[in-house]
Each structure stands twice: as structure tokens, then as C-alpha cells.
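# Structural description and commentary
So you can see what is in the structure, the chains are spelled out below.
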Amino acid sequence: MRASNLLISTLKETPADAEIVSHQLMLRAGLIRRLASGLYTWLPMGLKVLRKTEAIIRDEMDKAGAQEVLMPSVQPSELWQESQRWEKYGPELLRITDRHQREFCYGPTHEEVITDLVRQEIRSYKQLPINFYQIQTKFRDEIRPRFGLMRAREFLMKDAYSFHLDHASLQQTYDDMFAAYSRIFSRIGLDFRPVQADTGSIGGNASHEFHVLASSGEDAIAFSDQSDYAANVELAEAIAPAGQRAAAAETMTTVETPQQHTIDDVSQFLNKPATQCLKTLLVEGAEEDSVVALVLRGDHDLNEIKAEKHPLVAEPLTFATPEKVLESCGANIGSIGPVGLTIPVLVDHAAAFVSDFVCGANDDDKHLTGVNWGRDLAEPDTADLRNVVAGDPSPDGQGTLDIARGIEVGHIFQLGENYSSKLNAVVLNETGKSQVITMGCYGIGVSRVVAAAIEQNNDDRGIIWPEAIAPYQVVLVPVNAHKSVRVKQKAEEIYQQLQAAGIDVLLDDRGLRPGVAFADMELIGIPHRLILGERGLDNGMIEYKSRRTGEGDEFPIESVIETIK
Ligand code: ATP
Ligand code: MG
Ligand code: MG
Ligand code: MG
């Protein structure tokens, strides 16, 4: 590709609304542009990276025996009624009504659609096991889209669904997918860890997430220091730095919001037991470094909580059962004054905690000081994964736990008969009897992988692409080619040779000052840079610089292909 034919839209300044480095660099390097909240356009340079990532995933899925399909992104509500998720999924599901007043949704995932296909196409156990995958756009109306494509509303996912006669067969495919995922993330060049995951509200048995380790990760991962034990920890269990705590507490104010909900509303909205709602909302509904104040109104009937919040908080939601709130701050009903009991809750972008705060009525001398939440605010639903902090003994009995941050890039799940039984997906088994199919599902956030790769590979000059997904492997920069016909011609020749050798090369023929061209290419993150100038040409030499190591070298022009390869 010639740079003169390519949209290269680099930005010098860091966009103010981009909080994490991958989001900043994707904007600055001209990979993506924002259309609206959680919606992004992939520019040509970014799309090349996305397609290379996709190609690796597709290759490994094909090798693992999965078959590619492409399902519609718009799905009829009837199927979601059948699986009982039309009600359960909550506002993350974007619902659409067509001109005939029929209800649809924009697919956040495709269990229903694929199970519907399989119940029609697959009749006999002889057709099992079978594994279908697609690479397709999903829509989730995330409560707080952020970090660019890391948590977008529209994003690209590889989702696969396998179907089996029995659990042993499911386990086999699950293991194959586990291995395929490990190969995919290794080939892309990521530092990742598979960890045990919560099976949550979907139900089912075994589940693993694949996490890219990065300090900006929204998940906390617990690792044993002595064994292979690794598991996702609830976000709220992590510990935020004390400095942030104090700073945020100082700026705390409360504002009135008209919002009033019952805890049952919230519980239904989140599809979680009421006891888990507070914690979830602290994490999902709060802005970084913000302070959320919970206010129990004196006149509430103990089924209702009114939320007051910091003006920075976009979503006015903070709830818990009143009993839990009172219990955990050591207060009792008597602490609620005529105006209310105010409980400031500090939330950082990835962790929620509360300690040593002041609460009480909004009246002078009606305060409690040194109030702390208990660590057991939520009822643990996976005993060994909840309420974990660094230094706790590892649940496998070996060593103690370290906590690290991770970005969930993949998730594999044994669904069992959850969907197939509700949708009545059956086959005839060996004895001619009808038997419910057993299922697994396997997701990779393709667009999130690209962002995660940048989180792990960057420096103050910009992105440092892992070779496998770099938009171009090599950039060739002719110096002062507009003045030197020799340089121009030789660069053209080398460019053709590299292309013929199957090397993905960008010829920077924009005629920019070398310093400007180099800065652009470092920001974009192309792994190898070749520089051809008059002086080199006189000696038959070309200059080389590695983006990752920053090390330079010079070698004969004739050996350019084998050196780069
Ligand atoms: P998260 O915990 O980050 O919300 P999830 O558990 O809801 O993700 P899954 O249902 O497991 O997501 O979907 C499979 C994969 O899709 C995830 O592992 C993740 O990589 C990706 N993904 C999910 N939500 C988003 C999003 N909003 N933006 C980008 N990628 C996403
Ligand atoms: Mg999610
Ligand atoms: Mg998750
Ligand atoms: Mg998941």
C-alpha cells in the first residue's frame, strides 16, 4: 500500500475523553472514530488490524473443526420468549419494533437463533457433535459504554455454539475450544491467562474466561502464588488505593435525584438477587473516582431506597436493600433522621470499597463516623470466588492469592441443556428415543482483543503492534524522494520486491519531512521501518529500525528481503 492512497489521520493531541491508553492511541493513530456513545467506525488502518485478528481466529476455529455460519443480527422476540430471556435480559437488550408492530431485538448473543436452527436441521445423534461459529456484529446497550471499543455498544464477536449427545462429548469440544483459544491468543502475541469464571445467571456447569493482563482491566483476577489456580474475582472485592479514597471523599457532594425504585425493580433490572444489587451498581453505575451517596429517606417503607449521587455519575442508580445498608454500616433504623441517612460510597473505575466514612442525617450532629461496609455485603453465590482479597489462602489449599487486573477477551461456557430444553432441541439417540441436546458456547470479543493488544503493547511514542496483527509489517520511508529521482526509483523497486515476497509493506510516499513521517509511523506502531536515502544508496545500504526495541541497523539493499523475513 502507498501511504499517499491511504487515509492516515493521526492526531498529535490526546483526546480529552479517552481515559485509557488503548482508546487514546486508537484515536490518535487514526484506527477508529466515534460516531455516538459506544459506536465506532473502523478507519482503513484499524480495519486491517481487525481483519488480521479475525483471520487468526477463523483459522484456529476451522482447524478445531467448527463450521462458519452467519446469522442475522436482528432476532425475533418469540425465540427470546421461548428461552425466557426476553424478560430476564433487561435493558442491555436493544428492542426494536417493526412496521407490523412485531418485536425484535438486536442480537447481543445468539444462543436462541442457533438452537432454533439446530432443532430444525439436526435430527439424529449421528450428526453430533457439531460446532458452529460466526464472526459478527453484536449490540449490547451497555449501561456505561467506555474505553472506546473495550466496552462498546456495537462490537465484533466471534461466537461459537456446540451441540452434543452427552456431557463427555461436550467436555471434549470444550477442551478443544480451550486449546484453540490458547493458540489464538498466543498467535496474536498477547500475555493472557485462562481463569475459572462464574457461571452466573446463565446457569450451566464449567466456564473459563481468557484474560489479557493489564492494569486498566475491569476485572480482578485471583492467582495462587503456588499453584495454577486462577479465578475471576468480583470487582468490588478489589482494593483501591488509599490516596484516591481520601481525594474523592473531599469532593463529595450529594444531589437530589427524582429517581425512586424498589429494590425489586433493581433486582429484576439486573437479573441478580437483591443482595447483590448494591455491589453491582457501585461498579456498573458509577463514574471513575466519583462518590455516590446512598440516601435512605426517613419516610421510606424499607422496601424503597432513594439514590442521591455525585453530579459526575451518569446513571442515577445506587441501591441496596435497606436492611443490608443499615446492617453493614452498623446503623439501625433509629439512625435515620427526618432528612435521611446519607452513606457516601467511593467508587473507582474498577473497584468499589467503602471504609471509615461518615454517615447520618443531613443535619448537624446527626452523623456516625468511622463507618465501614462489611466485606460480605453480597451473598456469595460461588463460595470460593467471592469476597477474595490479596493474601487470602488459595481455594485449592496451595499458597495464597495475588490479585491482578484482567481484560476479558474470551469466554467459554458449558451450557448443558439450559437452552435446548427450553427450545425443545432434541435428537433421536441410538435407541431411537428423543433426547435433549447438550450445548456449549464460546465467545471472543474480536474488537476488544485489538484494544487489549494495545493496552499491552505501547510506549510514549504510540502503539507497538505484535507482528501478527500489525496493519503493515514494514514501512519503507524514502528520504527526500521528491528531490532525488534515484531514491524514488530505488524505493519503488524495493517496495515491489517486498510485495512480491508476500510482505505487507507500506511505502511512505507522502513526501513529509522524515521526522514527521517517522513520528506518524511510530504512533501507528508498524513493527519494522526501512529508510532509504541518498547516502545509503551511494553505499548500497538501507537503514533499519525496530519499533519494539528501538534498535537501528544498516544492511545491504540486496539482502532486504531475507533480513525482513
Ligand atoms: P463483560 O464482562 O466485559 O461485560 P461479558 O461477560 O458480558 O463481558 P460475554 O457474554 O462473555 O461478555 O461475551 C463474549 C465476549 O465478548 C467477552 O468475553 C468480551 O471479550 C466481548 N464483549 C462483551 N461485551 C463487550 C462490549 N461491550 N464491548 C466489547 N466487547 C465485549
Ligand atoms: Mg457484559
Ligand atoms: Mg464477563
Ligand atoms: Mg463473559
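Residues numbered from 1 in each chain as written. Chains lettered and ligands numbered in written order. Predicted model: local features only at pLDDT ≥ 70, side-chain atom pairs only at ≥ 80, totals over all residues. Heavy atoms only, no water.

By the naming in an unreviewed UniProt entry, the chain goes by Proline--tRNA ligase and is assigned to Methylophaga thiooxydans DMS010. According to the UniProt record, the Sequence similarities (unreviewed entry) comment for the chain reads "Belongs to the class-II aminoacyl-tRNA synthetase family. ProS type 1 subfamily." UniProt, in the comment section headed Catalytic activity (unreviewed entry), describes the chain in these words: "tRNA(Pro) + L-proline + ATP = L-prolyl-tRNA(Pro) + AMP + diphosphate". (UniProt positions renumbered as here; feature names shortened; annotations may be inferred.)

Along its length, the chain carries 16 helices and 30 strands. The burial tally for the chain puts 54% of its 565 residues in the buried class. A fraction of 68% describes how many contacts in the chain between residues 6 or more apart in sequence connect residues 24 or more apart. When the accessible surface of the chain is summed, it comes to about 24,300 Å², and 49% of that surface belongs to carbon and sulfur atoms. (Helix = DSSP H or I, 4+ residues; strand = E, 2+ residues; numbered from the N terminus. Buried < 20%, exposed > 50% of the residue type's maximum accessible area, 1.4 Å probe, protein only. Contact = heavy atoms within 4.5 Å. Areas by Shrake-Rupley, 256 points an atom, 1.4 Å probe, with all protein chains shown as cover.)

Right, let's get into the nonpolar core. Of all hydrophobic cores here, the largest spans 70 residues; its most connected members are Met-26, Leu-31, Phe-185 and Trp-465. Those residues in contact with Leu-31 that lie beyond four places of it in its chain are Met-26, Thr-41, Trp-42, Leu-43, Met-45, Gly-46, Ile-454, Ile-463 and Trp-465. In this structure, Tyr-89, Val-113, Leu-415 and Ile-437 belong to the second largest nonpolar core, which totals 26 residues. (Core = buried A, V, L, I, M, F, W, Y, C linked by side-chain atoms within 4.5 Å.)

As summarised here, the arrangement of the three strands in space is β4-β6-β5, forming an open sheet in which the pairing is antiparallel. In this open sheet, the two edge strands, each paired with only one partner strand, are β4 (74-76) and β5 (94-97). Taken pair by pair, the neighbouring strands of this sheet meet at an average axis angle of 35°, ignoring direction. The pairing of β4 with strand β6 (residues 103-106) spans three bridges and is classified as antiparallel. By the bridge assignment, Val-74 is partnered in β6 with Tyr-106. (Pairing = 2+ DSSP bridges. Axes fitted to C-alpha atoms, helices over the stretch in contact; angles between N-to-C directions.)

Before going further, it helps to examine the side chain of His-411. Along the chain, His-411 turns up in strand β20 (residues 401-416). A polar contact is formed between the side chain of His-411 and the side chain of Glu-408, at a distance of 3.4 Å. (Polar contact = N/O pair within 3.5 Å; in protein donor to acceptor, adjacent residues only side chain to side chain.)

Turning our eyes to something else, we now look at the pattern of salt bridges. With the rule as written, the count across this model stands at 28 salt bridges. Notably, a salt bridge pairs Arg-85 with Glu-112, separated by 2.8 Å at the nearest N-O pair. Linking Arg-85 in helix α4 (residues 85-88) with Glu-112 in helix α5 (residues 111-121), this pair joins segments that are 27 residues apart in sequence. Of the two residues examined, Arg-85 and Glu-112, each falls in the buried class. Of the charged contacts in the structure, one is a salt bridge between Arg-193 and Asp-191, with a shortest N-O distance of 2.9 Å. Judged by relative accessible area, which is 39%, Asp-191 ranks as partly exposed. By sharing partners, the salt bridges in this structure join Asp-59, Glu-60, Lys-63, Arg-183 and Arg-187 into a single network. (Salt bridge = Lys/Arg side-chain N within 4 Å of Asp/Glu carboxyl O.)

Turning our eyes to something else, we now look at the site of ligand 1. Taken together, 14 residues lie around ligand 1, and Glu-142, Arg-151, Ala-152, Glu-408 and Arg-448 are the ones closest in. Arg-140 is positioned such that a nitrogen or oxygen atom in its side chain is 3.0 Å from an oxygen atom of ligand 1. Measuring from an oxygen atom of ligand 1, one finds a side-chain N or O atom of Glu-408 at 2.8 Å. Contact with the protein chains removes 82% of the 580 Å² of surface that ligand 1 exposes when unbound. Listing elements by their share of the shell around ligand 1, those giving two or more residues are β8 (154-164) and β20. With four residues, β20 is the single largest residue contributor to the shell around ligand 1. Here the shell around ligand 1 is built from residues that sort into six nonpolar, three polar and five charged. (Near = heavy atom within 4 Å. Nonpolar A, V, L, I, M, F, W, Y, C, P; charged D, E, K, R; others polar.)

Looking now at the coordination of the magnesium ion (ligand 4). With distances of 2.1 to 2.2 Å, the protein atoms coordinating the magnesium ion (ligand 4) are Glu-408 (OE) and His-411 (ND1). Between the two metals, the magnesium ion (ligand 4) and the magnesium ion (ligand 3), the spacing is 3.2 Å, and Glu-408 donates to both. (Donors = N, O, S within 2.8 Å, 3.2 Å for Na, K, Ca; no water.)

Our next topic: the pairing of β8. A large share of β8 lies buried, amounting to 10 of its 11 residues. Taken together, the 10 bridges between strand β7 (residues 130-139) and β8 define a ladder with antiparallel strand orientation. Among the inter-strand pairings, Tyr-133 is bridged to a residue of β8, identified as Ala-160. Sheet topology places β8 next to strand β23 (residues 438-445); eight bridges connect them, and they run antiparallel. The partner of Lys-158 across the bridge, within β23, is Ile-444.

Before going further, it helps to spend a moment on the environment of Trp-80. Among the secondary structure elements, Trp-80 is positioned in helix α3 (residues 77-82). Given the relative accessible area of 0%, Trp-80 is considered buried. Taking the C-alpha atoms as reference points, Trp-80 and Ala-152, 72 residues apart in sequence, are found 23 Å from one another. For Trp-80, the residues in contact, after removing those within four places along its chain, are Gln-75, Arg-85, Trp-86, Tyr-89, Leu-93, Cys-105, Pro-108, Thr-109 and Glu-112.

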